[in-house]
Amino acid sequence: KRGDGLRLLIIYNTQMQRILLLGCSRNTGYYALRFLADDARYEVFALVRSDPANIKLTDEQRKRIRFIRGDATNPEDLTEALTTMENRVDVIISSVGGTPSFSMYGFTIDQPHVCEDTMKALTSAVAALPNQPRIIKVSTTGISEKQDVPLFLRPLYMMLHEPHQDKTKAEKILLQYPGEKII
């Protein structure tokens, strides 16, 4: 069933989980937001830079999500989001990524260090919490040193070098986090 993998990553017990989503206005984060908003076992908070009215959701989903305006790369905005959550958060899901564009020089990203900067800000902001939340970092495939990309996709991955470096740096920062982490 769709979403079962996400459910397994988040829930270890039957109590309601308080979840903060970062990077949920599109792509994987957007689908995680919709999935979590459909399940009453989750109290969902979403830190968003842009107007949440632009995120396509049903009225029922929108009622179940508490949107917080802010930038995930800013430690003060993350601290404010955690304060809004009364410093009680069980899981933080970061699906932050830059907006890609293509030119004759290959793919570029509007914020080339957004994943790294978000993870620095996030680990700094949660350090003051009484209980360390589980952090789930949504990353990408093919950036390990094992070359786990099919041969025919390697040219594409070479063009994605810059965003992959950013994701690798974010993963390394998260590996230093003392709490539970999933990448």
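Residues numbered from 1 in each chain as written. Predicted model: local features only at pLDDT ≥ 70, side-chain atom pairs only at ≥ 80, totals over all residues. Heavy atoms only, no water.

A. Examining the environment of Q176 more closely. Among the structural elements, Q176 can be located in the loop between α7 (161-175) and β8 (181-182). Judged by relative accessible area, Q176 falls into the exposed class, the value being 65%. Expressed as a C-alpha distance, the spacing of Q176 and T123, which sit 53 residues apart in the sequence, is 9.0 Å. (Helix = DSSP H or I, 4+ residues; strand = E, 2+ residues; numbered from the N terminus. Buried < 20%, exposed > 50% of the residue type's maximum accessible area, 1.4 Å probe, protein only.)

B. Here's a closer look at helix α4 (residues 75-84). L78, A81 and L82 are the residues of α4 that are buried. Angular distribution of buried residues about the axis of α4 spans 95°; they occupy a single face of the element. Each element contacted by the buried residues of α4 is listed here: β1 (17-22), β2 (42-48), β3 (65-69) and α5 (114-126). The backbone nitrogen of E76 has a side-chain oxygen 2.8 Å away, supplied by the residue at the start of α4, namely N74. In the stretch just after α4, E86 is the one whose phi turns positive, near 60°. (Arc of directions from axis to C-beta. Contact = heavy atoms within 4.5 Å. Polar contact = N/O pair within 3.5 Å; in protein donor to acceptor, adjacent residues only side chain to side chain.)

C. Structural view of the environment of I55. Turning to its location among the elements, I55 is positioned in the loop between β2 and α3 (59-64). A relative accessible area of 4% means that I55 is categorised as buried. If we ignore the near neighbours within four places in the chain, the residues touching I55 are C24, S25, Y30, L33, V48, R62 and F67.

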